[in-house]
Amino acid sequence: MKKVLLMMVALFLTVAAFAQIDEPVKWSYAAKKISATEAIVLVKATIEPGWHIYSQHIKEGGPIATTFTFTLGKDYTLVGKTIEPKVISKYDDQFKMNIGFFENSVVFQQKVKLKAGAATVKGKVEFMSCNDRKCLPPDEVAFSVTVK
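Since this is a predicted model, take the numbers as computed values, not measurements.

Calculation criteria
- Residues numbered from 1 in each chain as written.
- Predicted model: local features only at pLDDT ≥ 70, side-chain atom pairs only at ≥ 80, totals over all residues.
- Heavy atoms only, no water.
- 1 Å grid on protein atoms, 1.4 Å probe; cavity = no way out; pocket = protein on both sides within 12 Å on 5 of 7 lines; lining within 4 Å.
- Points joined across faces, edges and corners; volume = space filled by probe spheres on them.
- Helix = DSSP H or I, 4+ residues; strand = E, 2+ residues; numbered from the N terminus.
- Nonpolar A, V, L, I, M, F, W, Y, C, P; charged D, E, K, R; others polar.
- Buried < 20%, exposed > 50% of the residue type's maximum accessible area, 1.4 Å probe, protein only.
- Disulfide = S-S within 2.5 Å.
- Pairing = 2+ DSSP bridges.
- Axes fitted to C-alpha atoms, helices over the stretch in contact; angles between N-to-C directions.

K.L.:
Is there a simple way to think about the layout of surface pockets in this case?
P.N.:
Where empty space is left can be seen by rolling a probe of water-molecule size over the atoms. Space inside the largest pocket adds up to approximately 280 Å³. Every residue lining the largest pocket is counted, 16 residues in all, and those nearest its centre are His-52, Tyr-54, Asp-92, Asn-131 and Asp-132. Of all the secondary-structure elements, those providing two or more residues to the lining of the largest pocket are β3 (52-54), β6 (88-92) and β7 (97-102). When residues of the lining of the largest pocket are assigned to their parent elements, the largest contribution, 3 residues, is made by β6. If you trace the second largest pocket, you find it lined by Asp-22, Glu-23, Pro-24, Val-25, Phe-127, Ser-129, Leu-136, Pro-137, Asp-139 and Val-141. When its residues are assigned to classes, the lining of the second largest pocket shows 6 nonpolar, 1 polar and 3 charged.

This is how it looks when you write it as structure tokens:
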């Protein structure tokens, strides 16, 4: 009985050691005040080699686009839409279209108008990450950035 129990524990530990959860994208956040009443919220994705995330501007029928949702607060308002840098665009055989994406890292920017001297900008980003073998299910990450 002890041998069976020991073998089961050893098997469990071996499987647990090799089972890894793919998390190829790490997010970080910052804010840069550009005047007494305006700031830029910076949302950065650092992407593991071989992986990518998609642009905010994906045509219908394509993969899940990166999407930002901001929680409107009493201390700030959004100015315009979230902007992104120039994408890498390639034809994707699976989706039968050109698709814009980012590799390595990307910084998205959202301008905000401050109603007071400081504010906490909150929101969430939804994204999908893929490599040349697989795509992970869409993920959602909440963020909070203090603007001083």
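K.L.:
Looking at this structure, how should I read unusual backbone geometry?
P.N.:
With the exception of glycine, the majority of residues adopt a negative phi angle, and the majority of peptide bonds are in the trans configuration. The backbone of Lys-96 sits at a positive phi, close to 60°, despite the residue not being glycine. The topology assignment puts Lys-96 in the loop between β6 and β7. Judged by relative accessible area, Lys-96 falls into the exposed class, the value being 60%. The phi dihedral of Asn-104 falls on the positive side, at around 70°, and the residue is not glycine. Its place among the elements puts Asn-104 in the loop between β7 and β8 (105-114).

K.L.:
Honestly, the state of the cysteines in this entry has me stumped. Any pointers?
P.N.:
By definition, a disulfide links the sulfur atoms of two cysteines through a covalent bond. What the rule picks out here adds up to 1 disulfide. With a sulfur-sulfur separation of 2.0 Å, Cys-130 is cross-linked through a disulfide to Cys-135. Taking the sign of the torsion about the S-S bond as the criterion, the disulfide between Cys-130 and Cys-135, at about 110°, is right-handed. Classification of Cys-135 by relative accessible area gives partly exposed; the value is 38%.

K.L.:
Hey, could you run me through the sheet that holds strand β11 (residues 139-147) in this one?
P.N.:
Either a parallel or an antiparallel arrangement is found when strands of a sheet pair, and the pairing is made through backbone hydrogen bonds. One open sheet holds the 3 strands; their spatial order is β4-β9-β11, and the pairing between them is antiparallel. If you trace the sheet from one side to the other, it starts and ends with β4 (67-71) and β11, each paired once. Averaged over all neighbouring strand pairs, the angle between strand axes comes to 25°, with direction disregarded. One ladder, built from 9 bridges, connects strand β9 (residues 119-127) with β11; its direction is antiparallel. The partner of Phe-127 across the bridge, within β11, is Asp-139.

Shape is all these values report; function is a separate question.
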